[in-house]
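Here are the chains, one letter per residue:
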Amino acid sequence: MEPLTLILSCIGLLIFFAVIAIVLPRVLNKKTITEQTILEGYSARATIISITPTGQYSSGQPEILLVVKIERPTALPFQATVKTTVYTMNLPKFQEGTKVHVKVFEDRKGKHIVVKGTLDYP
């Protein structure tokens, strides 16, 4: 092999491995929005305004639509609709007027909410 070709090949391999070393950890550590909400979101209390079964099941557990009013200590309350899956044994805890714990994560795409006691946030 010619020395110039060998040097260029080594530089190319070095750049390739440097890019892999930078990009690969970011791809592997990518969290779902639910995981990010649980880890980085703020805790709040919510009042269930309405509960509607969707008729769908995930892992044998019912999926429901919750309309909740989320109260925050430093800002005005807001209303949100959350589609979530609930353990059948926890279903009686989800009734209109009941207060539940939630985690809220806000980003450019909007507000992401997970409800404590569901499949996503046990």
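These notes cover the structure that comes with them. Note that the structure is predicted; figures quoted are calculated from it, not measured.

Let's shift gears to the pattern of salt bridges. Tallied over the entire structure, the rule returns three salt bridges. With its nearest N and O atoms 4.0 Å apart, the salt bridge here joins Glu 63 to Lys 83. Taken together, the residues span a long stretch of sequence, with Glu 63 in strand β2 (residues 61-72) and Lys 83 in strand β3 (residues 75-85) at a distance of 20 residues. Of the residues examined, Lys 83 reaches a relative accessible area of 57% and is grouped as exposed. A salt bridge links Arg 72 to Glu 106, with the shortest nitrogen-to-oxygen separation between them at 3.3 Å. Of the two residues, Arg 72 sits in strand β2 while Glu 106 sits in strand β4 (residues 99-107), which places them 34 residues apart along the sequence.

If you walk across this open sheet you meet the five strands as β3-β2-β1-β4-β5, and the pairing is antiparallel. Only two strands of the sheet have a single neighbouring strand rather than two, namely β3 and β5 (110-115). Geometrically, the sheet is characterised by an average inter-axis angle of 35° between neighbouring strands, direction not taken into account. Sheet strands in contact with helix α2 (residues 33-40) are β1 (42-58), β4 and β5, and its direction is about 110° off that of β4.

Taken together, the side chains of Leu 4, Ile 7, Leu 8, Ile 11, Ile 15, Val 19, Ile 22 and Val 23 present a nonpolar region at the surface, about 750 Å² in accessible area. Tracing the chain through its elements places Ile 15 in helix α1 (residues 3-28).

Quick look at the nonpolar core now. Core analysis: the biggest nonpolar cluster contains 17 residues, and Val 68, Ile 70, Val 102 and Ile 113 have the highest contact counts within it. Among the elements that make up this core, the one with the highest residue count is β2 (four residues). Excluding anything up to four places from it in sequence, Ile 113 contacts Ile 70, Phe 78, Ala 80, Val 82, Val 102, Lys 103 and Val 104.

This next bit is on the packing of aromatic side chains. In the structure shown here, the tally under the stated rule is one aromatic pair. Seen in terms of ring centroids, Phe 16 and Phe 17 are 5.4 Å apart; in terms of plane orientation they differ by 70°. Their pairing is edge-to-face. Residue classification places Phe 16 among the partly exposed positions, given a relative accessible area of 48%. Sitting over the face of the ring of Phe 78, Lys 111 holds its NZ or CZ atom 4.1 Å from the ring centroid. Between Lys 116 and the ring centre of Tyr 121, over which it is positioned, the NZ or CZ distance is 4.8 Å.

This part covers the environment of Val 82. Note on placement: Val 82 falls in strand β3. Apart from residues lying up to four places away in sequence, Val 82 is in contact with Ile 64, Leu 65, Leu 66, Val 68, Ile 113 and Val 115.

What counts, and at which threshold
Residues numbered from 1 in each chain as written. Predicted model: local features only at pLDDT ≥ 70, side-chain atom pairs only at ≥ 80, totals over all residues. Heavy atoms only, no water. Salt bridge = Lys/Arg side-chain N within 4 Å of Asp/Glu carboxyl O. Helix = DSSP H or I, 4+ residues; strand = E, 2+ residues; numbered from the N terminus. Buried < 20%, exposed > 50% of the residue type's maximum accessible area, 1.4 Å probe, protein only. Pairing = 2+ DSSP bridges. Axes fitted to C-alpha atoms, helices over the stretch in contact; angles between N-to-C directions. Contact = heavy atoms within 4.5 Å. Patch = residues over 30% accessible without salt bridge, like charges linked within 9 Å, V, L, I, M, F, W, Y side chains within 5 Å. Areas by Shrake-Rupley, 256 points an atom, 1.4 Å probe, with all protein chains shown as cover. Core = buried A, V, L, I, M, F, W, Y, C linked by side-chain atoms within 4.5 Å. Phe/Tyr/Trp six-rings, centres within 6.5 Å; stacked < 30°, edge-to-face > 60°. Lys NZ or Arg CZ within 6 Å of the ring centre and 35° of its normal.

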